[in-house]
Amino acid sequence: MSHSKPDPVLSTLLGAREQFVRFLTARTRDRAEAEDLVQASLLKVIQTSAKPDIAESAVAWFYQVLRNALADHHRASQSRLRATERHARDLVEAEEPELERVACQCIQALLPTLKPAEAEALEAIDLGGRTPAEAAALLGVTPNAMSVRLHRARRALREKVERTCRTCAAHGCLDCRCRPAQAKPKNL
């Protein structure tokens, strides 16, 4: 039976383990996370041959290993956070066209029944994504006139949706299954 001599550097590091955990806990504000980082760093040291030859310099050297591990951990966390935010943005962007398509089925059929100026305002702003100022410039009216026109158009459209769609209008038209009757344009 052969007994291998304990590694003095590793023994020194294991003896200072709690000190290392406190060091990282102060920086991560999470003891479990700090313990995981110390454990992973100790494992890395065991698996590598690149370590100090003298036990006395091992603690200072290991603090640098921990600083590097902490920096890597923060970079990975930030990367995961950015990926999560990108994914959330992508989901919202993917849902928006479907919501617009479903919400606009009844509205598109009712637009021709509005006064032409009101329909233009809704098409430019609510359906076209323009600001009221952009729509006003496009349609050759003042921004104040556009605000009044938009208010009237929305009110008129709301009344028509309520008359045409009945039940779903009261509960929200985002999941509308009705087929609005083809209304004739209003004569001016």
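The preceding data block contains the structure.
Reference entry: report on the structure contained in this document. Given the structure is predicted, the values throughout are model-derived calculations rather than measurements.

Moving on, we come to the pattern of salt bridges. Taken as a whole and judged by the stated rule, the model has four salt bridges. One salt bridge in this structure joins arginine 31 and glutamate 18, with 2.9 Å as the shortest N-O distance. Of this pair, arginine 31 sits in helix H3 (residues 31–47) while glutamate 18 sits in helix H2 (residues 17–28), and the two are 13 residues apart along the sequence. The shortest N-O distance in the salt bridge between arginine 31 and glutamate 35 comes to 3.0 Å. Placement of the pair is arginine 31 and glutamate 35 together in helix H3, with a separation of four residues, close to one helical turn. On the basis of relative accessibility, which here comes to 27%, the residue glutamate 35 falls in the partly exposed class.

With that settled, consider the packing of aromatic side chains. In this structure the tally under the stated criterion is four aromatic pairs. Both rings, one in phenylalanine 20 and one in phenylalanine 62, keep their centres 4.7 Å apart while their planes meet at 55°; by these two values the pair is tilted. A residue pair is termed long-range when its members are at least 10 positions apart, and phenylalanine 20 in helix H2 and phenylalanine 62 in helix H4 (residues 55–110) qualify at 42 residues. Accessibility classification places phenylalanine 20 together with phenylalanine 62 in one group, the buried group. Ring centres 4.9 Å apart and planes at 75° place the aromatic pair phenylalanine 23 and tyrosine 63 in the edge-to-face group. Residue phenylalanine 23 is located in helix H2, and its partner tyrosine 63 is located in helix H4; the two are separated by 40 residues in the primary sequence. The two residues phenylalanine 23 and tyrosine 63 agree in class, both being buried. Cluster of aromatic residues (ring-pair linked, three or more members): Phe20, Phe23, Trp61, Phe62 and Tyr63.

About the criteria used
Residues numbered from 1 in each chain as written. Predicted model: local features only at pLDDT ≥ 70, side-chain atom pairs only at ≥ 80, totals over all residues. Heavy atoms only, no water. Salt bridge = Lys/Arg side-chain N within 4 Å of Asp/Glu carboxyl O. Helix = DSSP H or I, 4+ residues; strand = E, 2+ residues; numbered from the N terminus. Buried < 20%, exposed > 50% of the residue type's maximum accessible area, 1.4 Å probe, protein only. Phe/Tyr/Trp six-rings, centres within 6.5 Å; stacked < 30°, edge-to-face > 60°.

This is a description of form; function is not addressed.
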